[in-house]
Amino acid sequence: MTSQNQQTTVIRNGTLIDGSGGSAVENEAVVIQGNRITSVGRIPPGLNLEDKESVRVIDATGRWIMPGLIDGHCHLSFGQPAMPGVSIGRGTASAEFTTLKAARNAQTILRSGVTSVSIPGGTWFIDVALREAINAGMLEGPRIYCAGRFIVTYGSISDNEPSWVGTPEHLNGVLANNVSDMVTEVRRQTKHGVDFIKMADSTWGDTQTISKEELSAVVDEAHRRNARISIHSRGSDSTRAAAEAGMDWIMHADLATEADLDAVAEAGVRIMPTVTFLKHAVENGRDFGRSEQEVDQIKHNLEGAVSVLETARKLGVKVMCGTDTGNSPVMPYGLLHANEAEIMVKYGGYSPMEAIVACTRDNAFSVGLENDLGVIEAGKLADIIVLDKDPVADVSVLQAGRHLSWVIKDGKIVDLDPKGDGEETVLSLRPAAD
Ligand SMILES: [Zn+2]
């Protein structure tokens, strides 16, 4: 028997949106061998489509073919959304329970058409373990590129306990209040296999909690250890300092001024605004227990983030797409991973094609695969989705897996209906009780 991985898969016909930003075109065949795309365009001579033993044909007539979506900012192991009936000790029940839940989350994400996720922070080293399990074929899930716990100082996001409690292991942040502790933490995390380091400044960007000298020291150590580095920075000064310190990309940047973004452009640093969470929290936060005051704060950051989107486009700063799915009860899995594209179009002045490129080719950087992923062309990794509606005409077609016909990850077709009950990727805003 031929295993699925050795088989040739051919996606016949359909309209190809290759992820490079070029126009959508009618296509004859995308050929996949193993986990790579081997040709795009005409059916290669010598390929026998009738050889049912070794060639599987997907007929995409009347459908749209594009690279698998990448969510550049998604958390799997925060223990969120909270589950009814499951007691929670300080955010997560236990490493064991949270690991199982994270594995389940990964499957939900993949079935919504997201074939890769960048995970800027989690609890313990759960995301590293999940990445290894998925890569080893033990369970299904998206490609994972992950950080460990955020490196934070007193007053940064996730430092919510009194100083005599500190940051126990089950928190997504770890305190390091001087360069020496920060560097030690980078060494500890890279030893345990993280792909990148996540630092985190203040929650909403009102104060700068990490100095530029500290940022530079951590950037140097991360890079010396072949890890990338990113930062949660919503503030103006913190964003400028992060760019000047040589962060690989900056998450949020909500309150950055045009002058700050000039510094970001000058440094050639990418940003990932992650407006989806802000918008979703403003619209639904009250239902999930956020106070009026907090919703007002988020509204302020949302306004900043939208103007950052526009200014970044004007200045030519590369924008990547993330959603912050899994960061809190308001952000369920499988539903919102493509919403950033619609936000870019509706509020940021981007074309649908530019937004699609931000979620595919440009987001490949956020998973460390910028030369290998996010574009459908010969030689690239075979992560592909097929849709029954045109995402260039309406980019919201990409959301919540509603229009998926097929998901292919690493050359393998994902079963979108694993229970066989005809209920394909039915996702709702409220987390399921199971
Ligand atoms: Zn986050």
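Along each chain, residue indices are assigned from 1 in the same order as the chain's sequence is written. Local features in this predicted model are restricted to residues of pLDDT 70 or higher, and side-chain atom pairs are both shown and tallied only at a pLDDT of 80 or more, whereas totals for entire chains, interfaces and linings draw on every residue. As a convention, hydrogens and water are excluded, and side-chain values are obtained from all of the structure's heavy atoms.

1. Side note on the side chain of Arg 270
- With respect to the helices and strands, the residue Arg 270 is situated in strand S16 (residues 270-272).
- A polar side-chain atom of Arg 270 sits 3.5 Å from the main-chain carbonyl oxygen of Asp 362.
- Only heavy atoms enter the contact rule, under which two residues are in contact if any of them lie within 4.5 Å. The contacts of Arg 270, once residues within four sequence positions are left out, are Asp 248, Trp 249, Ile 250, Lys 318, Met 320, Asp 362 and Phe 365. For the purposes of this entry, the term helix denotes a DSSP run of H or I that reaches at least four residues, the term strand denotes a run of E that reaches at least two, and both are numbered from the N terminus. Pairs of N or O atoms are called polar contacts if they sit within 3.5 Å, as long as, within protein, a hydrogen donor faces a hydrogen acceptor (for residues adjacent in sequence, only side-chain-to-side-chain pairs).

2. Details of the side chain of Ser 202
- Checked against the element boundaries, Ser 202 lands in the loop between strand S13 (196-200) and helix H4 (212-224).
- Relative accessible area serves as the criterion here: at 2%, Ser 202 is assigned to the buried category.
- Looking at Ser 202, its side chain comes within polar contact range of the main-chain oxygen of Thr 207, at 2.6 Å.
- Those residues in contact with Ser 202, other than ones at most four positions away along the chain, are Gly 155, Ser 156, Ile 157, Thr 207, Thr 209 and His 232. Three labels apply to residues, based on accessible area from a 1.4 Å probe with only protein chains included: buried if under 20% of the type maximum, exposed if over 50%, partly exposed otherwise in between.

3. Let's talk about the environment of Gly 72
- By the secondary structure assignment, Gly 72 is in the loop between strand S8 (69-71) and helix H1 (95-110).
- For Gly 72 and His 192, which are 120 residues apart along the polypeptide, the C-alpha to C-alpha distance reads 21 Å.
- Discounting residues that sit within four places of it in the chain, Gly 72 has contacts with Ser 118, Met 272, Cys 321, Gly 322, Asn 363 and Ser 366.

4. Overview of the sheet that holds strand S5 (residues 36-41)
- When DSSP locates at least two bridges between a pair of strands, those strands are taken to pair. Reading across from one edge, S5-S4-S1-S6 is the order of the four strands in this open sheet, with mixed pairing throughout. Single-partner strands in this sheet number two, and they are S5 and strand S6 (55-59). Strand-to-strand, the axes of this sheet are offset by a mean angle of 20 degrees, without reference to chain direction.
- Looking at chain direction, strand S1 (residues 8-12) and S6 are connected through five bridges and run parallel. Counterpart to Arg 12 in the pairing with S6 is Asp 59. Axis definition: a line fitted to C-alpha atoms, over the contacting stretch in the case of helices. Angles run 0 to 180 degrees between N-to-C directions.

5. What about the sheet that holds strand S7 (residues 64-67)?
- If you walk across this open sheet you meet the six strands as S3-S2-S7-S17-S18-S19, and the pairing is mixed. With partners counted over all chains shown, the strands left at the sheet margins are strand S3 (25-26) and strand S19 (412-413), one partner each.
- Here strand S18 (residues 404-409) runs beside S19; their pairing, made up of two bridges, is antiparallel. Bridge pairing links Ile 408 to Ile 413 in S19.

6. Observations regarding the packing of aromatic side chains
- Side-chain rings of Phe, Tyr and Trp (the six-membered ring for Trp) are treated as a pair once their centres are within 6.5 Å; stacked means planes under 30 degrees apart, edge-to-face means over 60, and tilted covers the remaining angles. Considering all chains together, one arrives at four aromatic pairs under this definition.
- Three or more aromatic residues joined by ring pairs make a cluster, and in this case those are Tyr 145, Phe 196, Trp 249 and Phe 365.
- The ring of Phe 150 has Lys 198 lying over it, and the distance from NZ or CZ to the ring centre is 3.7 Å.
- Taking NZ or CZ as reference, Arg 313 lies 5.5 Å from the ring centre of Tyr 350, over its face. A ring has a charge above it when a Lys NZ or an Arg CZ is no more than 6 Å from the ring centre and no more than 35 degrees off the ring normal.

7. Describing the nonpolar core
- In this description, a nonpolar core means a group of buried Ala, Val, Leu, Ile, Met, Phe, Trp, Tyr and Cys residues linked to one another through side-chain atoms lying within 4.5 Å. In terms of nonpolar packing, the biggest core is built from 88 residues, with Leu 76, Ile 197, Met 199, Leu 215, Met 247, Ile 250 and Ile 271 touching the most fellow members.
- If one sorts the elements of this core by residue count, helix H8 (residues 292-315) sits on top with seven residues.
- Each of domain 1 (8-68 + 374-413) and domain 2 (69-337) gives at least three residues to this core.
- Here Leu 76 is in contact with Ala 102, Asn 105, Ala 106, Ile 109, Ile 119, Asp 127, Leu 130, Ile 144 and Tyr 333, once residues within four sequence places are set aside. The source of the domain bounds is an automatic or database domain assignment.

8. As for the pairing of S18
- Among the six residues of S18, five are classified as buried, and the element is accordingly described as predominantly covered.
- Bridge count between strand S17 (residues 384-387) and S18: four bridges; the pairing is antiparallel. Note on S18: the bridge partner recorded for Leu 387 is Leu 404.
- Connecting S18 to the antiparallel partner S19 that follows it, the hairpin turn spans two residues, and Asp 410 within it adopts a positive phi of roughly 55 degrees.

9. Details of the domain arrangement of the chain
- Segmenting the chain into domains produces domain 1 (8-68 + 374-413) and domain 2 (69-337).
- Between the C-alpha centres of domain 1 and domain 2 there is a distance of 31 Å.
- Listed per partner, the contact involves 15 residues of domain 1 and 14 residues of domain 2.
- Joining two parts hides part of their accessible area as seen by a 1.4 Å probe, and the buried area is that hidden amount summed over both. When domain 1 packs against domain 2, close to 1,000 Å² is buried across both sides, 58% of that on carbon and sulfur atoms.
- Per-residue buried area on domain 1 facing domain 2 is highest for Gly 68, Ala 400 and Lys 409; these three make up 44% of the total on that side.
- Salt bridges are identified by distance alone: a Lys or Arg side-chain nitrogen within 4 Å of an Asp or Glu carboxyl oxygen. At the boundary of domain 1 and domain 2, one finds two salt bridges.

10. Considerations on helix H2 (residues 126-135)
- Burial of H2 is extensive: seven of the ten residues sit out of reach of the surface.
- Where H2 is buried, its residues touch H1, strand S9 (114-119), strand S10 (143-146) and S18.
- Following H2 by one or two positions, Gly 137 has its phi on the positive side, about 80 degrees.

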